[in-house]
Amino acid sequence: MNYELDINKTVRFNNKADHCVGTGRMDLALHKEYLDQLKVTQDEIGFSYIRGHGLFSKYMGIYKEGRFDIEGKEEYCFTYLDMVMDSYLELNIRPILELGFMPDDLASGDETCFFWKGKVSPPKDYDKWGRLVQNTLKHLIERYGIDEVRNWPIEVWNEPNLTTFWKDADMEEYFKLYAVTAVAIKEVDKELKVGGPAICGVDDERWLREFLAYVDENNLPLDYVSRHHYTSYSPKMVGHYAYIDLHEPEDAFGWLERSRDIVDSFEKFKGMEIFITEFNTSYVPNAPIHDTVLNAAYVAHMLSRLGDKHESYSYWTFGDIFEEFGIPFTPFHGGFGLVANGCIEKPTFWTFAFYKKLKGECILRSEDSVIVKAADGSIRGVVWNLDKRLEKKNLNVSYNIANVEKKEYFVLEKFVNEETGNPLKMWHEMGEPSSLSKAEKELLKQAAKPGISSKNIVSENGNITLEYELLPNEVRYFEIKSIDRKSDSGYSYERVMKHVTADSEE
């Protein structure tokens, strides 16, 4: 592919890659390794928000009835909630508050999901549920301030269109839950932001239409629409592992377009923000694709377009301290995380780190490239070769800088591919150990870093050209900035590299 850039012409690109990231259930933030992985993520990428499950599940311990007193008395304990929120804020990340699952003492049934038994039945008493929501929000406001908490979006439940997460996938009962919850939230403070229905791609079009019609007809609060997005077919299981086939990217984007059209078909909701509060390739936490460079390249393509129709899109998840299917056996087990256990960055981690740098005016967006002109005048780009056939791709990028005859530029490149920035390969070659020694962990951390290279180029009549041969599933970041070389008196890099002494003739 050859691209001729015009740095004076811009194209649309809404980059929200660093807006939100997912997590497992909230109390996992009490683990040291969890916080270590989140710190690695924040130091390099720096997401603004985090969203996960289990706010009201038993391991957070927020709600209990009649432990030491009158039967049925409602009690609230915010000890763990404070610890989790404090840890998030210390790492400069804020929650999207997903309200779920049902506290054990408030659940109307025994239905559960996941290894950790989150209760998925409606509340046995909607008044008590409303008070739980309100008391939790009031506590957060008292502790962190109203101006802070107003910036924390609130989402009602998780994937109620699946029987796994909502008893019988009962639409009418979910609508009741949403109505009670949304009204309760606005009674605390009308500027708190509430959204739903947090659906996944099963019967999603019907659910979305019916939900919006219900909210419209009942004049209920709704500040944003939320849904999930996974891009693989049903997995094929072999032992502990799920192997998947990916959707064609255009098909996947098409499903999202239909959601946008449905929202815009309602006059009241036309143009309303849509949050993708979960997205990834596979929807199960034991899919080996998550650990691969193919995943990194596929997600690079997703990130180039997800901002077209969505205010937020949250990769599921930042780390592999995650227990939906149980505690994983090995450091590379197909977990959702950008970071493997041991604080080892996976290739997709660097896709997000590279996109983080794409701030500025976009001058090219294609099926394999996004390039921007940054505020400091530098040109920055991410290019990728998404190819399951494992073929190389040639890519040339050239542009013209007007009124510059000859100037020197510094070119920085970082990249991950099947050979570089791919710790999965080294882990396999060391024998796929399930328990890493300290030395093995350090080696894998080194192997996880992207390749890096640099060079100088000189523009010819204002023209600059970069040429790439991208390896299969490679994701590459580049940055070009002009330099004005000012060498110290007597310093000659050429002399140094030729090992020329002061008395030698050049």
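Residues numbered from 1 in each chain as written. Predicted model: local features only at pLDDT ≥ 70, side-chain atom pairs only at ≥ 80, totals over all residues. Heavy atoms only, no water.

Draft legend 1. Representation of the nonpolar core. Judged by nonpolar contacts, the single largest core of 117 residues is most densely connected at Tyr88, Trp129, Tyr174, Tyr178, Leu212, Phe352 and Tyr355. In this structure Phe352 touches Ala17, Ile45, Phe47, Phe279, Val299, Leu303, Tyr315 and Leu338, once residues within four positions along its chain are discounted. Of all hydrophobic cores here, the second largest spans 17 residues; its members include Leu5, Leu364, Tyr409 and Phe478. (Core = buried A, V, L, I, M, F, W, Y, C linked by side-chain atoms within 4.5 Å. Buried < 20%, exposed > 50% of the residue type's maximum accessible area, 1.4 Å probe, protein only. Contact = heavy atoms within 4.5 Å.)

Draft legend 2. Focus on helix H6 (residues 204–217). Taking 1.5 Å of rise per residue, 14 residues should cover 20 Å, and H6 covers 20 Å from first to last C-alpha, within 8% of that figure. The set of residues buried in H6 consists of Asp204, Trp207, Leu208, Phe211, Leu212, Ala213 and Val215. In this fold, the buried residues of H6 make contact with helix H5 (171–188), strand E10 (194–199), strand E11 (224–230) and helix H7 (249–264). Within two residues after H6, Asn219 carries a phi angle of roughly 50 degrees, on the positive side. (Helix = DSSP H or I, 4+ residues; strand = E, 2+ residues; numbered from the N terminus. Expected span 1.5 Å × (residues − 1).)

Draft legend 3. Just the pairing of strand E15 (residues 312–315), in detail. With burial as the criterion, each face of E15 is covered, one bearing Ser312 and Ser314 and the other bearing Tyr313 and Tyr315. The pairing of strand E2 (residues 20–23) with E15 spans two bridges and is parallel. Along E15, the bridge assignment pairs Cys20 with Ser314. For the segment spanning strand E14 (residues 274–280), helix H8 (residues 293–303) and E15, crossover handedness is right-handed. (Pairing = 2+ DSSP bridges. Right-handed = clockwise from strand over helix to strand, strands pointing away.)

Draft legend 4. Structural view of the packing of helix H3 (residues 126–144) against H5. One way to put it is that H3 packs onto H5 with a least axis distance of 9 Å and a crossing angle of 40 degrees. The interaxial crossing formed by H3 with H5 has right-handed handedness. Here H3 contributes Tyr126, Trp129, Gly130, Val133, Gln134, Leu137, Lys138 and Ile141 to the contact with H5, which in turn contributes Glu173, Lys176, Leu177, Val180, Thr181, Ala184, Ile185, Glu187 and Val188. Here the contact of H3 with H5 is composed, by residue class, of 10 nonpolar, three polar and four charged. (Axes fitted to C-alpha atoms, helices over the stretch in contact; angles between N-to-C directions. Left-handed = near helix turned anticlockwise from the far one by under 90°. Nonpolar A, V, L, I, M, F, W, Y, C, P; charged D, E, K, R; others polar.)

Draft legend 5. Up close: the layout of surface pockets. Its volume calculated, the largest pocket comes out at about 630 Å³. Taken together, 30 residues line the largest pocket, and the ones lying closest to its centre are Leu162, Cys200, Gly201, Tyr230 and Tyr283. Elements with a minimum of two residues in the lining of the largest pocket: H6, E11 and H7. Here the lining of the largest pocket takes four residues from E11, the largest share from any one element. Taken together, the residues that form the lining of the largest pocket break down as 14 nonpolar, nine polar and seven charged. (1 Å grid on protein atoms, 1.4 Å probe; cavity = no way out; pocket = protein on both sides within 12 Å on 5 of 7 lines; lining within 4 Å. Points joined across faces, edges and corners; volume = space filled by probe spheres on them.)

Draft legend 6. Fine view of the sheet that holds strand E19 (residues 369–373). Read across the sheet, six strands follow the order E18-E19-E20-E25-E22-E23 without closing on themselves; strand pairing throughout is antiparallel. Edge positions in the sheet fall to strand E18 (361–365) and strand E23 (451–458), since each has one partner strand and no second. Across the sheet, the axes of successive neighbouring strands diverge by a mean angle of 15 degrees, strand direction being ignored. Across four bridges, E18 lies against E19 in antiparallel orientation. Of the residues in E19, the one forming a bridge with Glu361 is Lys373.

Draft legend 7. Molecular detail of the state of the cysteines. The tally for this structure, following the rule as stated, stands at zero disulfides. With no disulfide of its own, Cys200 has Cys113 as its nearest cysteine by sulfur position, at a separation of 13 Å. (Disulfide = S-S within 2.5 Å.)

Draft legend 8. Layout of the side chain of Asn280. Along the chain, Asn280 falls in strand E14. Since its relative accessible area comes to 0%, Asn280 is described here as buried. A polar atom in the side chain of Asn280 sits 3.1 Å from the side chain of Tyr315. In this structure, Asn280 is in contact with His229, Tyr230, Thr231, His290, Asn295, Met302, Tyr315, Trp316, Thr317 and Phe336, ignoring residues within four places of it in sequence. (Polar contact = N/O pair within 3.5 Å; in protein donor to acceptor, adjacent residues only side chain to side chain.)

Draft legend 9. Inspection of unusual backbone geometry at higher detail. Of note, the bond from Gly100 into Phe101 is cis; its omega dihedral lies within 30 degrees of zero at -10 degrees. Position of Phe101 relative to the elements: it lies in the loop between strand E6 (94–99) and strand E7 (112–113). Omega for the bond connecting Trp316 with Thr317 falls within 30 degrees of zero, at 15 degrees, which places this linkage in the cis form. In this structure, Thr317 sits in the loop between E15 and strand E16 (339–340). The phi torsion at Lys117 lies on the positive side, around 60 degrees, for a residue other than glycine. Residue placement: Lys117 occurs in the loop between E7 and strand E8 (118–119). Even without a glycine there, the phi angle at Ala169 is positive, about 45 degrees. Relative to the helices and strands, Ala169 resides in the loop between strand E9 (154–156) and H5.

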